[in-house]
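The primary structure of each chain is shown beneath.
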Protein chains: 2
Amino acid sequence: MHQKYIFSNIIGTFIFNEHINLLDKKSFKNIEQKQKIEKEFEKKYKNLVKPEGKELEKTLSFFKNKEFFNDFHKNNLELTKIAIKESVKDDILIIQAINNIQEIDKSVNILIKRLREWYALNNPEFEYLVENQEKFIELILKKQTKKEKDSMGADLSKEDLEPIMSLAKQVDGLFQLRKEQEIYLNKMMEKTCPNLLAIAGSTIGAKLIEQSGSLKNLMEFPASTIQLLGAEKALFRHMKTGARTPKYGFLHEHPLISQNPRNLHGKIARTLADKISLAVKVDYFKGKFIGDKLLKQVEDKFSKKDTIIKQGI
Amino acid sequence: MHQKYIFSNIIGTFIFNEHINLLDKKSFKNIEQKQKIEKEFEKKYKNLVKPEGKELEKTLSFFKNKEFFNDFHKNNLELTKIAIKESVKDDILIIQAINNIQEIDKSVNILIKRLREWYALNNPEFEYLVENQEKFIELILKKQTKKEKDSMGADLSKEDLEPIMSLAKQVDGLFQLRKEQEIYLNKMMEKTCPNLLAIAGSTIGAKLIEQSGSLKNLMEFPASTIQLLGAEKALFRHMKTGARTPKYGFLHEHPLISQNPRNLHGKIARTLADKISLAVKVDYFKGKFIGDKLLKQVEDKFSKKDTIIKQGI
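If you're wondering where the values come from, they're calculated on a predicted model, not measured in any experiment.

We now examine the overall build of chain A. Looking only at helices and strands, one finds 16 helices and four strands in chain A. Computed over the C-alpha atoms, the radius of gyration of chain A is 31 Å, more than 25% above the 20 Å expected from 2.2 N^0.38 for a compact globule of 313 residues. Counting only C-alpha atoms, chain A reaches 110 × 65 × 40 Å along its principal axes. The long-range fraction of contacts in chain A, counting pairs at least 24 apart against all pairs at least 6 apart in sequence, stands at 60%.

A few words now on helix α14 (residues 265-284) of chain A. Residues and elements named next belong to chain A. The end-to-end C-alpha distance of α14, which contains 20 residues, comes to 28 Å, matching closely the 28 Å that a straight helix rising 1.5 Å per residue would cover. Among all positions in α14, only I268, A269, L272, A273, K275, I276, S277, A279, V280 and D283 are buried. Considering only its buried residues, α14 is in contact with α8 (194-200), α10 (215-220), α11 (223-228), α13 (255-258) and α15 (291-303). Positive backbone phi, at 50°, marks K286, one or two positions downstream of α14.

What follows is about the packing of helix α14 (residues 265-284) of chain B against helix α15 (residues 291-303) of chain B. Residues and elements named next belong to chain B. Axis separation between α14 and α15 bottoms out at 10 Å; the angle between their running directions is 165°. On the basis of the axis angle, α14 is roughly antiparallel to α15. Of the two elements, α14 crosses α15, and the hand of that crossing is right-handed. Note on element contacts: α15 touches α14 through G291, L294, Q297, V298, K301 and F302, opposite I268, T271, L272, K275, L278 and A279. Split by residue class, the contact of α14 with α15 holds seven nonpolar, three polar and two charged.

A few words now on the environment of T271(A). Assignment of secondary structure puts T271(A) in helix α14. Each residue touching T271(A), except ones within four places of it in the same chain, is listed here: V298(A) and K301(A).

What follows is about the interface of chain A and chain B. Taken together, the contact pairs 33 residues of chain A with 33 residues of chain B. Mapped onto the side of chain A that touches chain B, the elements with two or more residues apiece are α3 (69-87), α4 (90-122) and α7 (158-192) of chain A. Looking at the side of chain A that touches chain B, the element that brings in the most residues is α4(A), giving 14 residues. Looking at the side of chain A that touches chain B residue by residue, the classes come out as 16 nonpolar, nine polar and eight charged.

Here we come to the packing of α4(A) against helix α4 (residues 90-122) of chain B. Between α4(A) and α4(B), the shortest axis-to-axis distance is 10 Å and the interhelical angle comes to 175°. Taken as axis vectors, α4(A) and α4(B) run roughly antiparallel relative to one another. Where α4(A) abuts α4(B), its residues I92(A), Q96(A), N99(A), N100(A), E103(A), K106(A), S107(A), I110(A), L111(A), R114(A), W118(A) and L121(A) lie against I92(B), Q96(B), N99(B), N100(B), E103(B), K106(B), S107(B), I110(B), L111(B), R114(B), W118(B) and L121(B). A class-by-class count of the residues in the contact of α4(A) with α4(B) yields 10 nonpolar, eight polar and six charged.

What follows concerns helix α12 (residues 232-241) of chain B. For α12(B), the tally of buried residues reaches only zero of 10 residues, placing the bulk of the element at the surface. Where α12(B) ends, the next residue or the one after it, G242(B), has phi of about 75°, a positive value.

Between the two chain copies there is a screw-like relation: a rotation about an axis and a shift along it. Aligned on chain B, chain A shows an RMSD of 0.2 Å; the corresponding rotation is 180° and the shift along the axis is 0.0 Å. Here the transformation between the copies is reduced to the relation of a two-fold axis. Of the C-alpha atoms belonging to chain A, the one lying closest to the rotation axis is found on S107(A), 2.4 Å away. When the interface residues of chain A are mapped onto chain B, 100% of them are again interface residues, pointing to one common binding face.

Right, let's get into the sheet that holds strand β2 (residues 12-16) of chain A. Residues and elements named next belong to chain A. The four strands lie next to each other as β3-β2-β1-β4, forming an open sheet whose pairing is mixed. The open sheet terminates on both sides in strands that have one partner only, identified here as β3 (22-27) and β4 (48-49). Note: β2 against β3, five bridges, orientation antiparallel. Following the sheet pairing, I15 is matched in β3 by D24.

It is worth spelling out the environment of I11(A) at this point. Residue and element names in this part refer to chain A. On the secondary structure map, I11 appears in the loop between β1 (4-9) and β2. Under the C-beta neighbour-count criterion, I11 is labelled buried, with 20 such atoms within 10 Å. As a C-alpha pair, I11 and D71 span 60 residues in sequence and 6.2 Å in three-dimensional space. Ignoring sequence-local partners within four residues, the contact set of I11 consists of S27, F28, F68, D71, F72 and N75.

Let's shift gears to the nonpolar core. I94(A) and I94(B) are the most contacted members of the largest nonpolar core, which has 112 residues in total. Looking at this core, the element that brings in the most residues is α4(B), giving 14 residues.

The next thing to look at is unusual backbone geometry. The backbone of I20(B) shows a phi angle near 55°, a positive value even though the residue is not glycine. Accessibility expressed as a C-beta count within 10 Å gives 19 for I20(B), which makes it partly exposed.

This paragraph deals with the pairing of β1(A). Residues and elements named next belong to chain A. Where β1 lies against β4, two bridges are found, and the strand directions are parallel. Along β4, the bridge assignment pairs K4 with L48. Here five bridges tie β1 to β2, and the two strands are oriented antiparallel to one another. Bridging across to β2, F7 finds its partner in F14. Where β1 folds back on β2, the antiparallel hairpin that results is connected by two residues.

What follows concerns the sheet that holds strand β2 (residues 12-16) of chain B. Strands sit in the order β3-β2-β1-β4 (chain B) across an open sheet of four strands; the sheet is mixed. Each having just a single partner strand, β3 (22-27) and β4 (48-49) of chain B make up the two edges of the open sheet.

Attention now moves to the environment of I268(A). Residues and elements named next belong to chain A. Structurally, the position occupied by I268 is in helix α14. Its 23 C-beta neighbours within 10 Å are what place I268 among the buried residues. In this structure, I268 is in contact with L256, I257, N260 and F302, ignoring residues within four places of it in sequence.

Our next topic: the confidence of the model for chain A. All names here are of chain A. Per-residue pLDDT for chain A averages 86, and the proportion of residues at 70 or more is 96%. The weakest mean pLDDT in chain A belongs to helix α16 (residues 305-311) at 48; the strongest belongs to α8 at 94. Note that residues 307-313 has pLDDT below 50 and, in this model, one contact with residues that lie over four places away or in other chains.

Procedures and definitions
Residues numbered from 1 in each chain as written. Chains lettered and ligands numbered in written order. Predicted model: local features only at pLDDT ≥ 70, side-chain atom pairs only at ≥ 80, totals over all residues. Helix = DSSP H or I, 4+ residues; strand = E, 2+ residues; numbered from the N terminus. Rg over C-alpha atoms; globule rule 2.2 N^0.38 Å. Contact = placed C-beta atoms within 7 Å. Expected span 1.5 Å × (residues − 1). Buried ≥ 20, exposed ≤ 12 C-beta atoms within 10 Å, placed from the backbone. Axes fitted to C-alpha atoms, helices over the stretch in contact; angles between N-to-C directions. Parallel < 35°, antiparallel > 145°, perpendicular 65-115°, else oblique. Left-handed = near helix turned anticlockwise from the far one by under 90°. Nonpolar A, V, L, I, M, F, W, Y, C, P; charged D, E, K, R; others polar. Least-squares fit on C-alpha atoms with pLDDT ≥ 70 in both. Pairing = 2+ DSSP bridges. Core = buried A, V, L, I, M, F, W, Y, C linked by C-beta atoms within 7 Å. pLDDT = per-residue confidence, 0-100.

Okay, structure coming up:
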């Protein structure tokens with residue numbers, strides 16, 4: 001009995017005789033059918049082998065025929081669509097969410113500056129008194145803004161105050177939206193990278209993912225890169241002009257760093273980056289939750305900070 | 001009978017004898033009492049005159065006494081407060097409104113870019129199809145976004161779609177706010193500068209006021225300055241590098257300019273600036289409404305544009 005060959009590509013499975021003439025074929029409607037169809041053929045023909053060497057060459061040139069081009073094109077498109085569809089993973093949603101939070105912040109800052117300037121025409125003393133932005137909006141919306149008798153503010157008519165109030169309402173809406181999105185971000189990170197969340201917090205963690213492009217990229221970075229993510233500008237300045245090296249990027253905002261004395265910042269950032277690098281690896285390979293332990297290790301190390309300083313270590 | 005003198009300043013009205021010794025005085029609680037108090041004194045003392053020359057000098061040095069300092073300080077503050085209070089005129093509210101509209105636009109642009117990117121993960125075909133921003137938001141909020149069967153978009157869970165929807169809601173809110181503020185701006189301009197509104201429209205008119213600082217400043221500008229308001233950058237580039245002079249600034253957006261052929265733009269801008277300068281003067285001195293006539297003059301002049309081009313004028 002002559003040897004028969006089986007060959008599958010994205011358009012279907014094909015059976016050839018020893019001269020690589022087509023004996024049988026079955027087109028895929030869907031690439032997932034492949035295994036099933038191959039098994040069927042193996043039952044039917046027995047002793048099928050995959051073409052190698054010279055036979056493989058002949059098989060491949062067989063598919064150079066124009067009649068297959070259309071199928072190749074169609075199925076390739078199909079596969080790409082599926083690949084694109086599946087490329088949206090949770091870390092992309094995390095990146096969208098953190099980007100969104102940052103853009104909302106930008107918008108809120110623009111609009112609240114405007115609101116304050118506008119409102120100050122009416123009641124400058126109150127505008128000056130309340131520094132907290134959210135409190136400011138809240139009091140305006142609740143109309144708990146006492147206007148002093150000898151206020152320097154103009155007496156605006158109700159008509160003139162209305163657009164100011166609608167602006168305040170919108171800014172408040174943006175504040176609420178920001179809170180919602182923070183909750184969503186937290187939820188996503190709990191699901192995708194609980195260890196990173198535990199040690200870095202949602203904002204820093206998400207920024208790290210965003211800057212590196214994906215959780216996978218972040219996982220592949222060494223700790224020293226993670227330490228400097230977000231400090232690109234300072235790093236290039238250092239490389240160009242010989243200015244001092246940056247000690248940290250996004251990690252700068254970490255409470256462990258901001259709450260400790262300045263001379264420890266660099267050391268803490270290095271340790272943190274180390275643990276974060278570990279946490280991300282565990283997250284990426286869906287390991288156990290060890291985030292709390294990692295964080296505690298860093299905390300313990302630097303709670304003895306007084307001794308460290310004294311010993312000059 | 002010896003001459004008696006009457007003298008008023010911001011703290012009160014004073015009566016002096018011929019040697020500029022104080023005979024009588026009455027302090028103001030409020031500067032508006034001045035006329036009333038002066039009349040009372042004139043009835044009481046008859047033949048009062050205001051000090052002049054040597055007497056005025058003596059009177060003024062009388063007030064150098066420290067006992068008056070406190071009153072001067074207090075009343076001066078009072079007057080300044082009133083001046084500040086009254087400085088908020090309608091044109092300042094117009095400036096606030098146009099600034100606000102521009103900042104809302106900025107925020108909307110930031111957030112809608114974000115929304116589109118985020119939404120495209122779910123339904124890229126639809127995101128690509130609908131170019132109009134407001135339509136895009138409207139359809140998303142009404143959930144009239146057909147997702148094709150072979151869409152490349154990922155199948156996001158309801159949980160993942162929720163924050164996208166809240167973002168869309170907020171952007172829609174900002175769109176509504178912008179509309180409200182435009183109505184308010186229009187109303188304010190109808191009240192304050194109907195002629196400017198009629199000839200330049202609310203956006204260009206408000207921008208002109210904003211750039212010049214007040215309606216009064218705009219009124220004092222020559223037409224040639226008005227023509228170039230908003231083109232400062234191009235003007236300074238011209239002065240520095242000898243690049244071509246700008247033909248118009250904010251006027252660029254005027255429908256009469258954008259709807260006419262390019263070679264007429266400069267001429268139309270000049271005529272428009274001329275009429276606007278006129279309109280603003282009428283507005284500032286609360287004259288009659290002539291805005292429609294002014295606009296018609298410009299329109300008539302350039303509706304014969306074809307003849308003008310042919311004649312090469």
